[in-house]
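Descriptive structure summary
Okay, here's what each chain looks like letter by letter:
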Amino acid sequence: MMDWIEEELQKIQQQKLLRRRTLREGLIDLCSNDYLGLREHPEVKEEAIRVIKDYGVGSGASALVSGYTIHHKSLEEKLADFKGVPACVLFGSGYLANLGTIPALVSEGDMILSDQLNHASIIDGCRLSRAKVFVFPHLDYEKAEEILKENRRAYRRCLLVSDSVFSMDGDIAHLPTLLKLSQEYDCMLMLDEAHATGTLGEKGKGILYAFGIPWQENIILMGTLSKALGSYGAFVCGSQRFVDYLINRARSLIFSTSLPPSLCASAKKALEILEREEWMVPTLKSLAEDIYKRLSKMGFSVKFHHTPILPIMLYSEERALELSKYLLEKGVFLQAIRYPTVPMGEARLRLTASLKYKKEDLEYFYMLLKSLPHPPLTDPLSPKPDF
């Protein structure tokens, strides 16, 4: 009865889209989202261990049953202060945050306006909401306004949703335009700060600080603890009444076990370090610029928008797989990103900048690229290389 699974796997394999997990032990990892290296910071680890000794490994229940501790409350307050908003509430992951928040905001009779390259968790949250979803071309705000002009009056509520920093290209949403559209067309504006928290704006406080725009009540900020903050989990921020509403309506919060207290404590410690060590964010930006210059000088096509995400464009799925395999055999882990994560024909190696990288590891990586038995691939129509 289950033979169809093998057939489906074979189809995926033939399309060069089969995914496998890779053990990263012993490898030089150049593709994680640990942008600031905080997951291995001694103070962060010590704080997690300290709280585990007092609270154990798990939280025991959902936040609405018995899984809400002083560490959860303290982290929520710290995040609200960090983001410059009245209140925040924690979720188990970024995926759970988007799956819970979007359907709580809109439903049948409402509309969603979503950027084409928004994260999969946003897409799935939109689907679950049962609202009418309109997708505008990536960063094409003129088209977004056209959609609003033609459709907004036909719907009760409207949610305009976008990544702040887009996870695969590293480009940044233009907040002033999004905010203007949300105000003119009476929309809630939800911004996914997963890759902006810790990397964008003053002390990594995110897109509001990057554009110098104060928080307003129609703005909803979602973010994760698992990337630049080096922990696990997520948060959603807004007004106090909005947070109270989510606690009563977001199903992925209500019906999920809350984060372990140790992860809350370690994330709070990471925030304290980030605020204290003001050199971190500028140094990360300088490192990303240096990596971009080195790769460009070698002739590689790299998308760069002054964030730590630097996709090396290979275009074809086969090319991306081959180069990723070649590097892996040499001890460098750089994952091939293919459809459906990115559009077909837009395959790439998703390189990230991180403060945890050793200079000698980056030099080894550059040496491997220089020694490739073919010229760099900068044209999507260039022939397949032989690695």
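Note that the structure is a prediction, hence the values are computed from the model and not measured.

Section: the sheet that holds strand β3 (residues 111-115)
Read from one edge of the open sheet, 7 strands run β2-β8-β7-β6-β5-β3-β4, paired in mixed fashion. The outermost strands of the open sheet, each flanked by one partner alone, are β2 (87-91) and β4 (132-136). With strand direction ignored, the average angle separating the axes of adjacent strands in the sheet is 20 degrees. Where strand β5 (residues 158-163) meets strand β6 (residues 188-192), 5 bridges bridge the pair, whose relative direction is parallel.

What to know about a nonpolar patch on the surface
A grouping of M1, M2, W4, I5, L9 and I12 is seen on the molecular surface, where their side chains present a nonpolar patch of about 680 Å² in accessible area. Assignment of secondary structure puts W4 in helix α1 (residues 3-14).

Quick word on helix α3 (residues 70-83)
Its 14 residues give α3 an end-to-end C-alpha distance of 20 Å, which sits within 8% of 20 Å, the value for a rise of 1.5 Å per residue. The buried count for α3 comes to 10 of 14 residues, which makes it a mostly enclosed element. Regarding α3, the residues found buried are H71, H72, S74, L75, E76, K78, L79, A80, F82 and K83. Taken together, the buried residues of α3 touch α2 (42-55), β2, α8 (207-211), β7 (219-224), β8 (234-238) and α11 (261-276).

Let's talk about the side chain of E76
For E76, the location among the structural elements is in helix α3. K73 is the oppositely charged side chain nearest to the buried, salt-bridge-free E76, at an N-O distance of 7.7 Å. Only 2.7 Å separates the side chain of E76 from the side chain of Y68, close enough to count as a polar contact. Sequence-distant contacts of E76, that is, excluding residues within four places in its chain, are made with Y68, C88, V89 and L90.

Describing the pairing of β4
Direction of pairing for β3 relative to β4: parallel, over a ladder of 5 bridges. Among the inter-strand pairings, M111 is bridged to a residue of β4, identified as K132. In this fold, the crossover linking β3 to β4 by way of helix α5 (residues 120-129) has right-handed handedness.

Observations regarding the environment of K143
With respect to the helices, strands and loops of the structure, K143 is situated in helix α6 (residues 141-151). Among the residues examined, K143 registers a relative accessible area of 35% and is labelled partly exposed. Separated by 33 residues in sequence, K143 and P176 place their C-alpha atoms 16 Å apart. In this view, K143 contacts F136 and P137; residues no more than four positions away in its chain are not counted.

Cut-off values and rules
Residues numbered from 1 in each chain as written. Predicted model: local features only at pLDDT ≥ 70, side-chain atom pairs only at ≥ 80, totals over all residues. Heavy atoms only, no water. Pairing = 2+ DSSP bridges. Helix = DSSP H or I, 4+ residues; strand = E, 2+ residues; numbered from the N terminus. Axes fitted to C-alpha atoms, helices over the stretch in contact; angles between N-to-C directions. Patch = residues over 30% accessible without salt bridge, like charges linked within 9 Å, V, L, I, M, F, W, Y side chains within 5 Å. Areas by Shrake-Rupley, 256 points an atom, 1.4 Å probe, with all protein chains shown as cover. Salt bridge = Lys/Arg side-chain N within 4 Å of Asp/Glu carboxyl O. Expected span 1.5 Å × (residues − 1). Buried < 20%, exposed > 50% of the residue type's maximum accessible area, 1.4 Å probe, protein only. Contact = heavy atoms within 4.5 Å. Lys, Arg positive; Asp, Glu negative; His and termini not counted. Polar contact = N/O pair within 3.5 Å; in protein donor to acceptor, adjacent residues only side chain to side chain. Right-handed = clockwise from strand over helix to strand, strands pointing away.

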